[in-house]
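A look at the structure
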Amino acid sequence: MSRGTVLVVGGGIGGLSTAVALRESGYDVNVVELHEDLHSSVYGVGIIQPVNALRALDAIGCAEACLAVGYATTAWGQVHDVDGNLVREVPGARIAGSGLPPMNGLTRPQLHRILTDRARGAGVTIEYAKTFTELVNGPEGVDVTYTDGTGGRVDFVVGADGVYSKVRPYVLGGEPAPVYIGQSAFRLNIPRIPEIDRIILQHGPTGMAGFVPIGPELAYFFFNTVWEQGRWLEQDQMDKVLRELLAPFGGLAGHVRDTYVTDPAAIVFRPEEWLIAPAPWHRDRIVLIGDAVHAVTPHLGQGAAQAIEDGVVLAECLVTQDSPEQAFRLYTERRYERCKLVVESSVAIGEWEIDPTGKEDFDHAGLTQHVLETMVQPF
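Each value, and the rule that gives it
Residues numbered from 1 in each chain as written. Predicted model: local features only at pLDDT ≥ 70, side-chain atom pairs only at ≥ 80, totals over all residues. Heavy atoms only, no water. Helix = DSSP H or I, 4+ residues; strand = E, 2+ residues; numbered from the N terminus. Buried < 20%, exposed > 50% of the residue type's maximum accessible area, 1.4 Å probe, protein only. Polar contact = N/O pair within 3.5 Å; in protein donor to acceptor, adjacent residues only side chain to side chain. Contact = heavy atoms within 4.5 Å. Core = buried A, V, L, I, M, F, W, Y, C linked by side-chain atoms within 4.5 Å. Pairing = 2+ DSSP bridges.

**Some details on the side chain of Arg198**
Mapped onto the secondary structure, Arg198 falls in the loop between β13 (179–191) and β14 (199–204). Taking the relative accessible area as the measure of exposure, Arg198 reaches 14% and is therefore buried. One polar contact links Arg198 to Asp197, side chain to side chain, over a distance of 3.1 Å. Residue contacts for Arg198: discarding those within four places in its chain leaves Thr73, Thr74, Ala75, Trp76, Gly77, Gln78, Glu89, Phe211 and Pro213.

Shown next, in the form of structure tokens:
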């Protein structure tokens, strides 16, 4: 017997993970995704899965599939200087009693396919090229009008539609708005050479370069750099601009610059924004997850991890509490401080990368290790 009906707005990592968790908890779940298909809804190249993300994925039956197609590491990473010399090891953390690795990397399309297949296999309905036009929220349910002209009532709505969420105003009004940190990131896939067996970071005068293994033969390269908000960069200029920014680098970044930064069409360029919304993260029968309430810059690789955890915790709270109101309040209580730590720590690292002047005591690697050790605690 169904526990109730749920509409999940957004078919990304958080939305699909939440849909699976809710379906396995006995709810009838429908996901609507504005993009036309799975492929067009996937942004970026690769994704970092810290061990806490793998634990949450394991709870919804997806960790094994991710590990099978990705690249599992024996440690979190290393920090190198601009010339490629090793400066610091970052061991990462493990979950006691678990065989999960400190980190797994895989491509975003692989992760989306795994989550999509798992959701459909569990009985979740996914509709592409569709979203809502209006939500009428109330204590007993939500009346939804869709872009295709249809409508109906659901027991509750999950807003999993990202940093520019259209669901968020129904819960929080016009605030808060995402904050641009002052950095944007270049990303591209490259062949995995043997040295890239964990995350490798290189800090230089023009930004932070990084390398993440995402398969036996594949890695992705990223470069965080100061970028004026709203400054447009044409796609056909991506390789030229990136090579110029990487000019001071030796080591792996210099090798990538000279060998693989050749095709502007292969480069993804995106601004880095953050958000931490005030509690509560619900109103009546509408609740928010993921970037809609805690958008994370990529400096700790925790954005997707936190969204997946949101879905698992939300489903647990709905099953164990006597009412949706109690469940949503408990969900926010369990998630707020954890997500706030990730957001604020990521922002602190980004601000140090932008301008380390007067921040000689800032311990980038130490803060990363602290967050990783915190994230392996129960959530």
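**What to know about the nonpolar core**
If you look at the biggest cluster of nonpolar residues, it comprises 74 residues, and the most contacted ones within it are Leu22, Val144, Val157 and Val158. Looking at which element gives the most residues to this core, the answer is helix α10 (residues 324–354), with nine residues. Each residue touching Val158, except ones within four places of it in the same chain, is listed here: Val6, Leu7, Val8, Val9, Thr18, Leu22, Val287, Ile289 and Leu314. Formed by 27 residues, the second largest nonpolar core is a distinct cluster that contains Leu188, Phe221, Leu233 and Leu252.

**Brief notes about the pairing of strand β6 (residues 86–90)**
The two faces of the sheet receive side chains in turn, since in a regular strand these alternate between them. In terms of strand pairing, strand β5 (residues 77–80) meets β6 through four bridges, oriented antiparallel. Within β6, the position partnered with His80 by the bridge is Leu86.

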